[in-house]
Amino acid sequence: DTNDISYVQVFRSSDEGIMITDGDVNLKYLVATETGDSNYRLGETYAGKIQYAIAWNDEVDGGEAFYLRETSNVTLANVTVVGPGTASGFGNDGIRLRSTTGGKVYNAVVTGMPGFGIEAQEIVPTDIDGASVFAYSHVYDNVERDDSDGNIFFTEVSFMNSENAIPGIEVGAIVPTSTAASGFDPSTIDSFFDAASFEGAIESAANDWTVGWVKNPDGTIR
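Note that the structure is a prediction, hence the values are computed from the model and not measured.

Calculation criteria
- Residues numbered from 1 in each chain as written.
- Predicted model: local features only at pLDDT ≥ 70, side-chain atom pairs only at ≥ 80, totals over all residues.
- Heavy atoms only, no water.
- Phe/Tyr/Trp six-rings, centres within 6.5 Å; stacked < 30°, edge-to-face > 60°.
- Helix = DSSP H or I, 4+ residues; strand = E, 2+ residues; numbered from the N terminus.
- Buried < 20%, exposed > 50% of the residue type's maximum accessible area, 1.4 Å probe, protein only.
- Core = buried A, V, L, I, M, F, W, Y, C linked by side-chain atoms within 4.5 Å.
- Contact = heavy atoms within 4.5 Å.
- Polar contact = N/O pair within 3.5 Å; in protein donor to acceptor, adjacent residues only side chain to side chain.
- Pairing = 2+ DSSP bridges.
- Salt bridge = Lys/Arg side-chain N within 4 Å of Asp/Glu carboxyl O.

1. So, the packing of aromatic side chains
In step 1: Enumeration according to the criterion identifies 12 aromatic pairs in this entry.
In step 2: Residues tyrosine 7 and tryptophan 213 carry aromatic rings whose centres are separated by 5.9 Å and whose planes lie at 65° to one another, so their mutual orientation is edge-to-face. Highlighted residues: tyrosine 7 in strand S1 (residues 4-11) and tryptophan 213 in the segment after strand S15 (173-174), separated in sequence by 206 residues.
In step 3: The exposure class of tyrosine 7 is partly exposed, given its relative accessible area of 46%.
In step 4: Between the aromatic rings of tryptophan 209 and tryptophan 213, the centroid separation amounts to 6.4 Å while the plane-to-plane angle is 35°, which identifies the pairing as tilted.
In step 5: Since its relative accessible area comes to 13%, tryptophan 209 is described here as buried.

2. A word on the nonpolar core
In step 1: Among the nonpolar cores identified, the biggest contains 37 residues, and Tyr40, Leu42, Phe66, Leu76, Val81, Ile95 and Phe134 are the most heavily contacted of them.
In step 2: Looking at this core, the element that brings in the most residues is strand S9 (residues 103-111), giving 4 residues.
In step 3: Contacts of isoleucine 95, omitting those with residues within four sequence positions, involve Phe66, Val81, Val105, Ala108, Val110, Gly117, Ile118, Glu119 and Phe134.
In step 4: Counting residues in each nonpolar core, the second largest holds 19 residues, with Tyr52, Ile169, Ile174 and Val214 among its members.

3. Some points on the side chain of serine 204
In step 1: Within the secondary structure layout, serine 204 lies in the segment after S15.
In step 2: Contacts of serine 204, omitting those with residues within four sequence positions, involve Val175, Pro176 and Thr179.

4. Concerning the environment of valine 60
In step 1: With respect to the secondary-structure elements, valine 60 resides in the loop between strand S5 (49-56) and strand S6 (64-68).
In step 2: Contact partners of valine 60, with chain neighbours within four places excluded, come to Arg12, Glu34, Thr35, Gly36, Pro84, Phe90 and Asn92.

5. A few points about the side chain of glutamate 16
In step 1: Here glutamate 16 lies in the loop between S1 and strand S2 (18-21).
In step 2: On the basis of relative accessibility, which here comes to 16%, the residue glutamate 16 falls in the buried class.
In step 3: A polar atom in the side chain of glutamate 16 sits 3.3 Å from the side chain of arginine 41.
In step 4: Residues in contact with glutamate 16, not counting those within four places in the same chain, are Asp37, Ser38 and Arg41.

6. Some words on the pairing of S6
In step 1: Extensive coverage of S6 is indicated by the burial of 5 of its 5 residues.
In step 2: Across 3 bridges, strand S4 (residues 40-43) lies against S6 in parallel orientation. Opposite leucine 42, over in S6, you have leucine 68 as the bridge partner.
In step 3: Of the strand pairs in this sheet, S6 and strand S8 (residues 93-97) are connected by 4 bridges, and their pairing is parallel. Counted as the bridge partner of phenylalanine 66 is isoleucine 95 from S8.

7. Some points on the pattern of salt bridges
In step 1: A complete count under the given rule lists 10 salt bridges for this structure.
In step 2: In this structure, glutamate 34 engages arginine 12 in a salt bridge whose closest nitrogen and oxygen atoms are separated by 3.5 Å. Residue glutamate 34 is found in the loop between strand S3 (26-33) and S4, and its partner arginine 12 is found in the loop between S1 and S2; the two are separated by 22 residues along the sequence.
In step 3: On the accessibility criterion, glutamate 34 (2% relative accessible area) is buried.
In step 4: We classify arginine 12 as partly exposed; its relative accessible area is 39%.
In step 5: Of the charged contacts, one joins arginine 69 and glutamate 70 as a salt bridge, the two residues approaching to 2.8 Å between their closest N and O atoms.
In step 6: Overall, arginine 69 belongs to the buried group, its relative accessible area being 17%.
In step 7: Its relative accessible area of 27% is what places glutamate 70 among the partly exposed residues.

By themselves, these observations are geometric and do not establish any function.
See below:
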């Protein structure tokens, strides 16, 4: 599809890593590493879909890993966010839902944030059928799990979120020890998405699409 982009890494950008405003381009297999501001800024009227995306900051004081802004209406699936750790003293946050029209995130893993793991603003989440969705995801080992409006992501059972750690995904590491199975198949909401019923961007060490071309934070090739 001419409207699809895949296999892109942004490495050590001094500002945002990937910034999309307007349109409906769809993207897969993305990595934004060590960015000086948001790893992914998705705003204005952008209404595309993204699957298999990694935000990874190890030693950079960045912004939000994923920042959904303005009137964007984005759907994300299979996302891994790994920050520099709670003791880093930095200000990085995980996923910030700030669009006035909504945004949906499924099968995400968020850890190592010196700020919030997940934030909800503008639209207060209600349930899995609402305009603002963060579901079938794990959020753990962050300074703050959520802001006050995001608390419902963990108290409303339909979102199916957990605070349990996924072994292998931690500060400095993005591959689970074994597949973190999810009860959600993103292909059921749109044909763009693969049938990836697991949490995070990488299924396992045996199925790691980053090997051979993606740079680790220290610059070595995976």
